[in-house]
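Secondary and tertiary structure notes
Each chain is listed here by its residues.
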Amino acid sequence: LVLALAPLFIKVYRMYRLVGMADIRRTTIGNLQAASWTLPIILIQVVILLVFTFVDPPKQTEITENSDGVVLQRIVCGSESNTQFISHIVFEAGLILVGCVLDYMTRNLNSDVGESKQLIFAMYNIALVFTIIVIVVNIADIDSNGSKMLQAIGVFWGSVFSTAAFVVP
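Before going into details, it helps to say that this report is about the structure given with it. Computed from a predicted structure; not experimentally measured. (Residues numbered from 1 in each chain as written. Predicted model: local features only at pLDDT ≥ 70, side-chain atom pairs only at ≥ 80, totals over all residues. Heavy atoms only, no water.)

**Section: the packing of helix H3 (residues 83–105) against helix H4 (residues 116–139)**
With their axes 9 Å apart at the nearest point, H3 and H4 run at an angle of 160° to one another. Between H3 and H4, the interaxial angle falls into the category roughly antiparallel. Considering how the two elements wind past one another, H3 and H4 form a crossing that is left-handed. Across the interface between the two elements, Phe85, Ile89, Glu92, Leu95, Ile96, Gly99, Cys100, Leu102 and Asp103 of H3 pack against Ser116, Lys117, Leu119, Ile120, Met123, Ile126, Ala127, Phe130, Val134 and Asn138 of H4. Classifying every residue of the contact of H3 with H4 by side-chain character gives 13 nonpolar, three polar and three charged. (Axes fitted to C-alpha atoms, helices over the stretch in contact; angles between N-to-C directions. Helix = DSSP H or I, 4+ residues; strand = E, 2+ residues; numbered from the N terminus. Parallel < 35°, antiparallel > 145°, perpendicular 65-115°, else oblique. Left-handed = near helix turned anticlockwise from the far one by under 90°. Contact = heavy atoms within 4.5 Å. Nonpolar A, V, L, I, M, F, W, Y, C, P; charged D, E, K, R; others polar.)

**Considerations on the environment of Gly154**
Inspection of the secondary structure puts Gly154 in helix H5 (residues 144–167). Under the relative-accessibility criterion, Gly154 is labelled buried at 11%. Taking C-alpha positions, Gly154 is 6.6 Å from Ile133, a pair spaced 21 residues apart along the chain. (Buried < 20%, exposed > 50% of the residue type's maximum accessible area, 1.4 Å probe, protein only.)

**With respect to the nonpolar core**
Nonpolar side chains in soluble globular proteins tend to be buried together. Formed by 22 residues in total, the largest nonpolar core has its most connected members in Leu5, Phe9, Leu95, Leu119 and Met123. For this core, the elements supplying multiple residues, two or more each, are helix H1 (2–20), helix H2 (31–55), H3, H4 and H5. (Core = buried A, V, L, I, M, F, W, Y, C linked by side-chain atoms within 4.5 Å.)

Structure (structure tokens):
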């Protein structure tokens, strides 16, 4: 999500700075500068992942179930606390909020340079899919394989349709 949204946010902010600001003075934003603005967003995600890799690494848990005389044994990899899940939710919700703010800032730009409608569609799509996946995974009685599959489908759906909002038109 971060690798898809960070360059998009910087592109929209770049267009806002170049075209949308009331200040008429000459402004240039090169590709290297735009790429350097993208890196902190990606690095925050990398730091979150590294912290949880070393502080609260996933551990294997053995689950044994007896169902109608059939003994099922599964080994599930997971964490004992929900802090990683909560930190990801907070970070990704923050990204969606940043996208909505950028959309609001660029809403009056010419449609040739500003992509406000596409950005709000992408943010709505990601927020809706994200909310549905979080609710279903936490409320429904789904095993870990089903949960991971549902999350993968949600990431695929959000990525493909949000990207299509910019590429197809």
